[in-house]
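# Reading the structure
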Amino acid sequence: LGEIFPGDVKGDAVSIAFIVNFFLSAAMIFFLYWEITDIGYSVVWGQFSIMCFVFLFFAASMVPETKGKTLEQIQKEFQEEFDVPDFLDAVEY
């Protein structure tokens, strides 16, 4: 997870990401138990299978290849493609 954040904000960003991940994982555990007891395993696994195929299609068709590129190169490509200003230059640390 650390490789997706710039070096100057990496520590704070990774900490926040892990805290959010922990709470969302805990919420999923409680929700999954409720869902299995109320509607059954077959419906839960059916929902899971459908979502996996949706995410597979999304990743294959919409997510660009970034193998062998640095974070700065990827950011520059996205900024040029979507005409987004570089917000990290405006932030003073």
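Residues numbered from 1 in each chain as written. Predicted model: local features only at pLDDT ≥ 70, side-chain atom pairs only at ≥ 80, totals over all residues. Heavy atoms only, no water.

## A word on the overall build of the protein chain
As a reminder of what qualifies: Secondary structure elements follow DSSP: runs of H or I no shorter than four residues count as helices, runs of E no shorter than two count as strands, and numbering proceeds from the N terminus. Categorising residues by exposure relies on relative accessible area from a 1.4 Å probe, with only protein chains included: less than 20% of the type maximum marks a residue as buried, more than 50% marks it as exposed, and the intermediate range marks it as partly exposed. Using a 1.4 Å probe, the Shrake-Rupley method yields the accessible areas, and only the shown protein chains count as cover for residues.
On a plain count of helices and strands, the protein chain comes out with 4 helices and 0 strands. Of the regular secondary structure in the protein chain, the N- to C-terminal order runs α-α-α-α. Relative to its full complement of 93 residues, the protein chain shows a buried share of 9%. Accessible area for the protein chain stands at about 8,100 Å²; split by element, carbon and sulfur atoms hold 70% of it.

## Topic: helix H3 (residues 71-82)
Stated precisely, the cut-off is as follows: Helices are assigned an expected span. That span is 1.5 Å times one less than the residue count.
Over its 12 residues, H3 runs 16 Å from end to end, which matches the ideal 16 Å to within 8%, given 1.5 Å per residue. Taken from the residues just after H3, Asp 83 is the one with a positive phi, measuring 55°.

## Side note on helix H1 (residues 10-39)
Spelled out, the test is: In what follows, residue pairs with any heavy atoms lying within 4.5 Å of each other are defined as contacts.
Over its 30 residues, H1 runs 41 Å from end to end, which matches the ideal 44 Å to within 8%, given 1.5 Å per residue. Taken together, the buried positions of H1 are occupied by Ala 13, Val 14 and Glu 35. Elements that come into contact with the buried residues of H1 comprise helix H2 (41-62). Following H1 by one or two positions, Gly 40 has its phi on the positive side, about 100°.

## Here we look at the confidence of the model for the protein chain
Rules: Think of pLDDT as the predictor's per-residue confidence, scored from 0 to 100.
Model confidence for the protein chain is summarised by a mean pLDDT of 84, while 84% of its residues fall at 70 or above. Element-level mean pLDDT values for the protein chain span from 59 in helix H4 (residues 87-90) up to 93 in H2.

## A few points about the pattern of salt bridges
How we decide: Should a side-chain nitrogen of Lys or Arg be within 4 Å of a carboxyl oxygen of Asp or Glu, the pair is scored as a salt bridge.
Overall, the coordinates contain 2 salt bridges when judged by the stated rule. Lys 69 serves as the salt-bridge partner of Glu 77, at 3.0 Å between the closest nitrogen and oxygen. The class for Lys 69 is partly exposed, based on a relative accessible area of 34%. Between Lys 76 and Glu 80 there is a salt bridge, with its nearest N and O atoms 3.7 Å apart. Residue Lys 76 and its partner Glu 80 are both found in helix H3; the two are separated by 4 residues, about one turn of the helix.

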